[in-house]
Amino acid sequence: MDQTKEILDGYVQKAVEAFQFLKGTTVQERAALMHAVADAIEALDEQLLNLAHEESALPMPRLQGEKARTVGQWRSYGDAVAKGTYLDARIDRADAEKGKNDIRKYSIGLGPVLVFGASNFPFAFSTAGGDTASAIGAGCPVLVKAHPGHPKTSQLMADTISEAVKNFGWPDGVFGHVAGEYVAGTKTLLGTYLTAHPGIQAVGFTGSQQGGKALVAVAAGREVPIPVFAEMGSVNPVFALPQLLETNAAELAQQYVGSLTLGTGQFCTNPGIVVALTGAAFDRFKEAVQEAIAAAKPTAMLHNGIAKNYAEKKDAAIAHQDVTVLAQSATDAEDSQGQPTVAWTSGKAFLSDTQLSEEVFGPFALLVEAESTEQLLAIAKSLEGQLTATVAATEQDLEANAALVSILQDKVGRLLFNGMPTGVEVVYAMQHGGPFPATSDPRFTSVGPDAVKRFVRPIAFQNWPENSLPAELKSSNPLQLTRVVDGVPNAAAL
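Residue positions are given per chain, counting from 1 as you read along its sequence in written order. At least 70 in pLDDT is required for a residue's local features to be given in this predicted model, at least 80 for side-chain atom pairs to be given and counted, and no such filter applies to totals for whole chains, interfaces and linings, which use all residues. Side-chain measures were taken over the full set of non-hydrogen atoms in the model, leaving aside hydrogen atoms and water.

### Structural notes on the nonpolar core
And then number 1: For the purposes of this section, nonpolar cores are sets of buried Ala, Val, Leu, Ile, Met, Phe, Trp, Tyr and Cys residues that join through side-chain atoms within 4.5 Å. Remark: exposure states derive from per-residue accessible area (1.4 Å probe, protein chains only) relative to the maximum for the residue type, with buried under 20%, exposed over 50%, and partly exposed in between. Residues Trp74, Phe239, Phe350, Leu366, Leu404 and Phe455 are the most contacted members of the largest nonpolar core, which totals 88 residues.
And then number 2: Sequence-distant contacts of phenylalanine 239, defined by excluding residues within four places in its chain, comprise Val275, Leu376, Ala380, Leu383, Thr390, Val391, Ala392, Leu404 and Leu408. When checking whether two residues touch, look at their non-hydrogen atoms; a contact exists if any pair is within 4.5 Å.

Quick look at the structure:
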């Protein structure tokens, strides 16, 4: 049901007030709340899994794994927050002889964060997903705009988080949840209204390029612009180099098709394009991919809208005059399913039409055959920003193709040597982000404890008395954090 402006304003005002409360909490206190949320989500019974299965058509094993991932995110982010990892606390002590002031710096929350639930991960990237966990860890209240694809799942997750906040005795504005498409009685999109609201200080979004760019424009057009951390998709190219293809073409094909069709191709890291040099080895790879695609079964997509969009985008791609269909699943797809499909085009055609490099969200692959190393490099240069790129290669291939590796470093957030990109580990070193249009800000990640850094800003205190300093910067170090003191990491009291 659409919400009125008055109701929406009320949610934001509660978040604004809760931000003042959160500023007075320590990293350990927020970490404790995050662990409580993790425990509460873990304790949810089959009701959660059944709701998500009913609303998204995702299979139970996938949902069970995603639930475990979501619980793990809250705990690992909480542990990182408790350690003060994201704070970047710095202390440069006064030195009267050198005329130096006492200056201390750390990171504080930006303020209320608007989080948009994602369709393809109803747990891990939606209402109780990484954006919500990392924003709360940063000391920011969160207002979630529920995704219409799984409203009941979103509401159950929201109720679970709200109950944990209540049990801590914290104000309910720490977490809020709204659903609907438009502001009641208007033609204004609810998400647009909230993004433009002066009380909102940052936005987290996972979804389409169209939606993400629209939010970035709204945020930039405000009287006081705010950051939008939008993850907007990627084709995640695989560059298959000659020596590896010569010896492992069939094995690579199996790995590739498995990654392409995982989750019916509905992950932001499914590899949609393969680029390789023309030759007998690439021919063997193509044949193996054709066989694997023909044997792959169509599976249900998240909802009929995504299935329809996939069919339309796929049909547009294979209708291109320079594209040839190599194989489709031998099993006919139902209306709600995505039919695995592989097509071919030449390197020359790929370079001449940017339409061929656009993402087809689903189990669709385009094999691009380059005529020369120079053309392969030109293809790499032509790509837009990506979340990932994979170099399928031997070490000798890498040495012979240093120019390719250098180009790809400018294009991606994560560069893989062999393997496939669909596994996104929730660890400190993970970079799940990339140059535009993969994301709106390539300096940050939306996966791993460093995701908290999106929602903070630095503040320095100069010549403040010990008793009035934030606990994170006190010389006594009551929170036992590791800070950089006079340029050297130090966990001791000063």
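So much for the structure itself; the text now carries on.
### As for the layout of surface pockets
And then number 1: Put plainly, a pocket is an open set of points on a 1 Å grid over the protein atoms alone with protein on both sides within 12 Å along at least five of seven lines, a cavity is a set where a 1.4 Å probe fits but cannot get out, and a lining residue has an atom within 4 Å of a point. Grid points are joined across faces, edges and corners, and a volume is the space filled by probe spheres set on the points. Here the largest pocket is characterised by a volume of approximately 1,500 Å³.
And then number 2: Taken together, 49 residues make up the lining of the largest pocket; nearest its centre are Gly207, Ser208, Gln209, Gln210 and Gly211.
And then number 3: In this description a helix means any DSSP run of H or I spanning at least four residues, a strand means any run of E spanning at least two, and both kinds are numbered starting from the N terminus. Counting residues per element, the ones that place at least two in the lining of the largest pocket are α7 (190-196), β6 (202-206), α8 (209-220), α11 (304-318) and α12 (347-352).
And then number 4: Among the elements that make up the lining of the largest pocket, the one with the highest residue count is α8 (five residues).
And then number 5: Charged means Asp, Glu, Lys or Arg here, nonpolar means Ala, Val, Leu, Ile, Met, Phe, Trp, Tyr, Cys or Pro, and polar covers whatever is left, Gly included. Along the lines of polarity and charge, the residues of the lining of the largest pocket split into 19 nonpolar, 22 polar and eight charged.
And then number 6: Considered as a void within the structure, the second largest pocket measures approximately 360 Å³ in volume.
And then number 7: As for the second largest pocket, its lining consists of 21 residues, of which Arg62, Phe121, Leu262, Gly263 and Phe267 are closest to the centre.
And then number 8: Breaking the lining of the second largest pocket down by element, the ones donating at least two residues are α4 (60-83) and β10 (299-300).
And then number 9: Of the residues contributing to the lining of the second largest pocket, the split by class is ten nonpolar, eight polar and three charged.

### Observations regarding empty space enclosed by the protein
And then number 1: On inspection of all chains with the given rule, the structure shows two cavities of 30 Å³ or more.
And then number 2: Volume-wise, the largest cavity comes out at about 100 Å³.
And then number 3: As for the largest cavity, its lining consists of 15 residues, of which Phe229, Ala230, Thr439, Ser446 and Arg454 are closest to the centre.
And then number 4: When residues of the lining of the largest cavity are traced back to their parent elements, those giving at least two are β6 and β7 (228-231).
And then number 5: Per-element tally for the lining of the largest cavity: the top contributor is β7, with three residues.
And then number 6: Residues of the lining of the largest cavity, tallied by class, amount to four nonpolar, seven polar and four charged.
And then number 7: Each pocket or cavity is described by its volume, and for the second largest cavity that value is around 30 Å³.
And then number 8: Residue lining of the second largest cavity: Glu55, Ser56, Ser119, His147, Gly149, His150, Leu302 and His303, and that is the complete set.

### Some thoughts on the side chain of serine 119
And then number 1: Along the chain, the position of serine 119 falls in the loop between β3 (113-116) and α5 (130-137).
And then number 2: Exposure remark for serine 119: the relative accessible area of 18% places this residue in the buried category.
And then number 3: Discounting residues that sit within four places of it in the chain, serine 119 has contacts with His147, His150, Leu302 and Ile306.

### Overview of the environment of leucine 22
And then number 1: Within the secondary structure, leucine 22 sits in helix α1 (residues 5-22).
And then number 2: Take leucine 22: its relative accessible area is 1%, and that puts it in the buried class.
And then number 3: Contact partners of leucine 22, with chain neighbours within four places excluded, come to Arg30, Gly139, Cys140, Pro141, Trp170 and Val174.

### A look at unusual backbone geometry
And then number 1: That bond from phenylalanine 436 to proline 437 is cis: its omega, 10 degrees, falls within 30 degrees of zero.
And then number 2: For proline 437, the position within the fold is in the loop between β16 (412-417) and β17 (456-462).
And then number 3: The residue asparagine 236 is not glycine, and still its phi comes out positive at about 50 degrees.
And then number 4: For asparagine 236, the location among the structural elements is in the loop between β7 and β8 (238-240).
And then number 5: For asparagine 236, a relative accessible area of 0% corresponds to the buried category.

### Quick word on the sheet that holds β7
And then number 1: A pair of strands counts as paired when DSSP detects no fewer than two bridges linking them. Pairing is parallel across the open sheet formed by five strands, whose spatial order is β5-β4-β3-β6-β7. The open sheet terminates on both sides in strands that have one partner only, identified here as β5 (175-178) and β7. This sheet shows a mean twist of 15 degrees between the axes of neighbouring strands, independent of strand direction.
And then number 2: One ladder, built from four bridges, connects strand β4 (residues 142-145) with β5; its direction is parallel. Bridge assignment links valine 142 to a residue of β5, and that residue is phenylalanine 175. Between N-to-C directions, angles span 0 to 180 degrees; the directions come from axes that are lines fitted to C-alpha atoms, helices contributing only their stretch in contact.

### Considering the pattern of salt bridges
And then number 1: Here a salt bridge means any side-chain nitrogen of Lys or Arg lying within 4 Å of a carboxyl oxygen belonging to Asp or Glu. Taken as a whole and judged by the stated rule, the model has 14 salt bridges.
And then number 2: A salt bridge links aspartate 441 to arginine 443, with the nearest nitrogen and oxygen atoms 2.7 Å apart.
And then number 3: Its relative accessible area of 15% is what places aspartate 441 among the buried residues.
And then number 4: Salt bridges sharing common partners tie together Asp39, Glu42 and Arg75.

### Some thoughts on the packing of aromatic side chains
And then number 1: Only Phe, Tyr and Trp rings are paired, with Trp represented by its six-membered ring, and only when their centres lie within 6.5 Å; those with planes under 30 degrees apart are stacked, over 60 edge-to-face, the remainder tilted. The full count for this structure, using the stated rule, is eleven aromatic pairs.
And then number 2: Between phenylalanine 229 and phenylalanine 444 the ring centres are 5.4 Å apart and the planes differ by 75 degrees, which places this aromatic pair in the edge-to-face class. Pair noted here: phenylalanine 229 is in strand β7 and phenylalanine 444 is in the loop between β16 and β17, with a separation of 215 residues, a long-range link.
And then number 3: Note on phenylalanine 229: relative accessible area 9%, which makes it buried.
And then number 4: Residues phenylalanine 282 and phenylalanine 285 carry aromatic rings whose centres are separated by 5.9 Å and whose planes lie at 15 degrees to one another, so their mutual orientation is stacked. Here the residue phenylalanine 282 and the residue phenylalanine 285 both occupy positions in helix α10 (residues 280-295), the gap between them amounting to three residues, near one helical turn.
And then number 5: Overall, the relative accessible area of 1% leaves phenylalanine 282 in the buried class.
And then number 6: Among the aromatic side chains, those forming a connected cluster through ring pairs are Phe21, Phe168 and Trp170.
And then number 7: The ring of phenylalanine 121 carries arginine 62 above its face, with NZ or CZ at 4.7 Å from the centroid. In this scheme, the term charge over a ring applies when either NZ of a lysine or CZ of an arginine sits within 6 Å of the ring centre and within 35 degrees of the ring normal.

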